[in-house]
Amino acid sequence: MSIVKSLSPRAITAPESGIVEVVNYARGREGLLPLWVGEGDLPTPDFISRAAMDALASGETFYTWQRGIPELRQALSDYYARHFGIRLPVEHFYVTGSGMQAIQISVQALTSPGDEFVYLTPAWPNIAAALEIAGACSVGVELQFEGGKWAVDLNRIEAAITEKTRGLFINTPSNPTGWTATKKDLADILALARKHDLWIMADEIYALYYFPGGRAASFLDVMAPDDKIIFVNSFSKNWSMTGWRVGWIVAPPEMGQVLENLVQYSTSGVAQFMQKGAVAALDKGDDFIAANIAKAARSRDILCDALVATNRVETLKPDGALYAFLKIDGVADSRKAALDIVDKTGVGLAPGTAFGAGGELFLRACFLRDPAQVAIAAERLCDYILKR
C-alpha cells in the first residue's frame, strides 16, 4: 500500500500549482525573461534590509508579540491614514507570516468544514486551495469578459449563494485579470453581503497599483464600523519583499484573541527583526512604491501595445494590479502554450488554466519589470504569435 494513500484526503487532493509547474519546468534557463510570477525584478531596498539587519545584529531574535510588534501595528495604522484616508486604531492590525497565511488564518476564523465561500474567477489559485484544504467549499463565480475587459455581475454572485455560504472573497484590483471594482461595485457587493449576513474577505494587495491615478476603490470607502469585513494583505508587492513572507490582517478588534490564537498555533509569530524591516518599509517606502507604480505603468503600456498591435491578441490595458491577461488567437490549451512559449522564446508566462474557470484560454504576464526587459519580452512574444 502506498504511504501517500494513508495521508489525509484534504492533503492528497491539494492541487499542484499550475504556475509553479511552468516555473519548475524552465527555472534557471539562460536568457530567461520570467514574467510568470507576481513579483518585480528589484531586490528589497537597502533601507528595509538594513533595518532588519540592524535589529538582527542587536539581538532581536527572541519570541515576540503574536499580534505583531507595537511599532509595526502603529506603522500600519499610519499607512492606512496616508493612503486610505482612515485612521484605524492599532487594535485592528495583526501581523502574519505572509499574505498567504493571512488568508489561511482568515479562512480558519470564518469557516467550518462543509461551509461554502464564494470567490470571483479567474482568480489566484491559492484562495480556492486554502478553502478546500480547510474543509470548506470554494464556489467560483466567473467575471464577464467582453472586448478585452472584465466586469462583475451581481446576479451571478447572488445566484451562487446558498444556505451554506459563509462569505465572499473579493480581490480587487484582481490577480490575474486586472479587473478593478468601482466604488459602486463595492457598495453593491457589500449590500449583497449584508442582505445574506455574509462575511467579506477583501484582498486589496494591489490597491495602490491603480493606473488611472491615486488608488483603487476600497471597501474602507463604503463600509460601516459594524460590517463583517476582514482584509488580507502582504508586504510582497509594494516593497519588493516577496521572499520575506510577511503580511497582515485588518479585522474588527473583537476578533483579536481569536486571530492571536490562530497565529500562536501556526507560526507563533513573525520574527522581530523581519518586522523591523517591515516598519521601515511602511515609514520610509512611499517613494519606492511610487517608483514601482510608474515603472509598472510604462511596462504595461509597452507590453499591451505590442501585443494588441499583432491583431492576434485580445486584451486591454488593465486599470489595476500587475498583470496582462491575454488571449492569443488559436490557443486552446494555455498550459501547453506556456510550456511551448518558454521553450521557443525564453519568456515565462503563467497558464490561465492555473486560475480556474474562465481563465483556460488566457496567459498571464507580470509587467513589474524594467521596461527595457519587457520590451524584449514583448518582441519575442509578438514574433511567436505572428508565426503561429
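Remember, predicted model here, so these are calculated numbers, not experimental data. (Residues numbered from 1 in each chain as written. Predicted model: local features only at pLDDT ≥ 70, side-chain atom pairs only at ≥ 80, totals over all residues. Heavy atoms only, no water.)

### Overview of a nonpolar patch on the surface
Line of reasoning, step 1. On the surface, Val4, Leu7 and Ile12 cluster together to form a nonpolar patch covering roughly 250 Å² of accessible area.
Line of reasoning, step 2. Relative to the helices and strands, Ile12 is located in helix H1 (residues 9-12).
Line of reasoning, step 3. Ile12 gets classed as partly exposed once you look at its relative accessible area, which sits at 40%. (Patch = residues over 30% accessible without salt bridge, like charges linked within 9 Å, V, L, I, M, F, W, Y side chains within 5 Å. Areas by Shrake-Rupley, 256 points an atom, 1.4 Å probe, with all protein chains shown as cover. Salt bridge = Lys/Arg side-chain N within 4 Å of Asp/Glu carboxyl O. Helix = DSSP H or I, 4+ residues; strand = E, 2+ residues; numbered from the N terminus. Buried < 20%, exposed > 50% of the residue type's maximum accessible area, 1.4 Å probe, protein only.)

### Details of the UniProt feature "domain: Aminotransferase class I/classII large" (unreviewed entry) in the chain
Line of reasoning, step 1. As recorded in UniProt, the sites labelled "domain: Aminotransferase class I/classII large" (unreviewed entry) are residues 37-381.
Line of reasoning, step 2. In this annotation, residues 37-381 is assigned 40% helix and 18% strand; the end-to-end C-alpha distance for the span is 17 Å. (UniProt positions renumbered as here; feature names shortened; annotations may be inferred.)

### Details of the pairing of strand S12 (residues 323-328)
Line of reasoning, step 1. Burial of S12 is extensive: five of the six residues sit out of reach of the surface.
Line of reasoning, step 2. In the sheet, strand S11 (residues 313-314) pairs with S12 via two bridges, with the strands oriented antiparallel. Following the sheet pairing, Glu314 is matched in S12 by Lys327.
Line of reasoning, step 3. Pairing analysis gives five bridges linking S12 to strand S15 (residues 362-366), with the strands arranged antiparallel. Residue pairing in the sheet places Ala324 in a bridge with Ala365 of S15. (Pairing = 2+ DSSP bridges.)

### Some details on the pairing of strand S4 (residues 137-142)
Working note: regular strand, side chains alternate between the two faces of the sheet.
Line of reasoning, step 1. Relative to S4, strand S3 (residues 116-121) is paired through six bridges, and the arrangement is parallel. Residue pairing in the sheet places Tyr119 in a bridge with Gly140 of S4.
Line of reasoning, step 2. Taken together, S3, helix H6 (residues 125-133) and S4 constitute a β-α-β crossover, and its handedness is right-handed. (Right-handed = clockwise from strand over helix to strand, strands pointing away.)

### Details of the pattern of salt bridges
Line of reasoning, step 1. Taken as a whole and judged by the stated rule, the model has 22 salt bridges.
Line of reasoning, step 2. The closest approach of N and O atoms between Lys184 and Asp188, which form a salt bridge, is 2.7 Å. Within this pair, Lys184 and its partner Asp188 are both found in helix H8 (residues 183-195), separated by four residues, close to a single helical turn.
Line of reasoning, step 3. We classify Lys184 as exposed; its relative accessible area is 56%.
Line of reasoning, step 4. Since its relative accessible area comes to 29%, Asp188 is described here as partly exposed.
Line of reasoning, step 5. One salt bridge connects Lys317 with Asp305, and the closest N-O pair in it is separated by 3.1 Å. Highlighted residues: Lys317 in the loop between S11 and S12 and Asp305 in helix H11 (residues 286-309), separated in sequence by 12 residues.
Line of reasoning, step 6. For Asp305, a relative accessible area of 43% translates into the label partly exposed.

### Description of the packing of aromatic side chains
Line of reasoning, step 1. Tallied over the full model, the rule gives 17 aromatic pairs.
Line of reasoning, step 2. Plain terms: the ring middles of Tyr80 and Phe93 are 5.5 Å apart, the flat faces sit at 45° to each other, and that makes the pair tilted. Separated by 13 residues along the polypeptide, Tyr80 in helix H4 (residues 70-84) and Phe93 in strand S2 (residues 93-96) bring together distant segments of the chain.
Line of reasoning, step 3. Residue class for Phe93 comes out buried when judged on its relative accessible area of 0%.
Line of reasoning, step 4. For the ring pair Phe325 and Phe362, a centre distance of 4.9 Å and an interplane angle of 5° mean the geometry is stacked. On the criterion of sequence distance, the pair formed by Phe325 in strand S12 and Phe362 in strand S15 is long-range, its members being 37 residues apart. Grouping residues by exposure puts Phe325 and Phe362 together as buried.
Line of reasoning, step 5. Through successive ring pairs, a cluster of aromatic residues spans Tyr79, Tyr80, Phe84, Phe93, Phe235, Trp239 and Trp248.
Line of reasoning, step 6. We note Arg73 situated over the ring of Tyr94; from NZ or CZ to the ring centre the distance is 5.4 Å. (Phe/Tyr/Trp six-rings, centres within 6.5 Å; stacked < 30°, edge-to-face > 60°. Lys NZ or Arg CZ within 6 Å of the ring centre and 35° of its normal.)

### Remarks on the environment of Arg300
Line of reasoning, step 1. Considering the arrangement of structural elements, one finds Arg300 in helix H11.
Line of reasoning, step 2. Here Arg300 falls in the buried class, since its relative accessible area comes to 12%.
Line of reasoning, step 3. With 171 residues separating them along the chain, Arg300 and Ala129 place their C-alpha atoms 29 Å apart.
Line of reasoning, step 4. When neighbours within four sequence positions are excluded, Arg300 is seen to be in contact with Phe211, Asp305, Lys317, Pro318 and Phe367.
Line of reasoning, step 5. For Arg300, the side chain forms a polar contact with the main-chain oxygen of Pro318, separated by 2.8 Å. (Contact = heavy atoms within 4.5 Å. Polar contact = N/O pair within 3.5 Å; in protein donor to acceptor, adjacent residues only side chain to side chain.)

### Describing the packing of helix H2 (residues 18-26) against helix H12 (residues 334-345)
The packing of two helices is summarised by the inter-axis angle and the distance between the axes.
Line of reasoning, step 1. Close contact between H2 and H12 brings their axes to 10 Å; oriented N to C, the two are set at 25°. Put simply, H2 runs roughly parallel to H12. Between H2 and H12 lies a crossing whose hand is right-handed. Residues Glu21, Val22, Tyr25 and Ala26 of H2 form the contact with H12, whose own contacting residues are Arg335, Ala338, Leu339, Val342 and Asp343.
Line of reasoning, step 2. Its residues placed into classes, the contact of H2 with H12 shows six nonpolar, no polar and three charged. (Axes fitted to C-alpha atoms, helices over the stretch in contact; angles between N-to-C directions. Parallel < 35°, antiparallel > 145°, perpendicular 65-115°, else oblique. Left-handed = near helix turned anticlockwise from the far one by under 90°. Nonpolar A, V, L, I, M, F, W, Y, C, P; charged D, E, K, R; others polar.)

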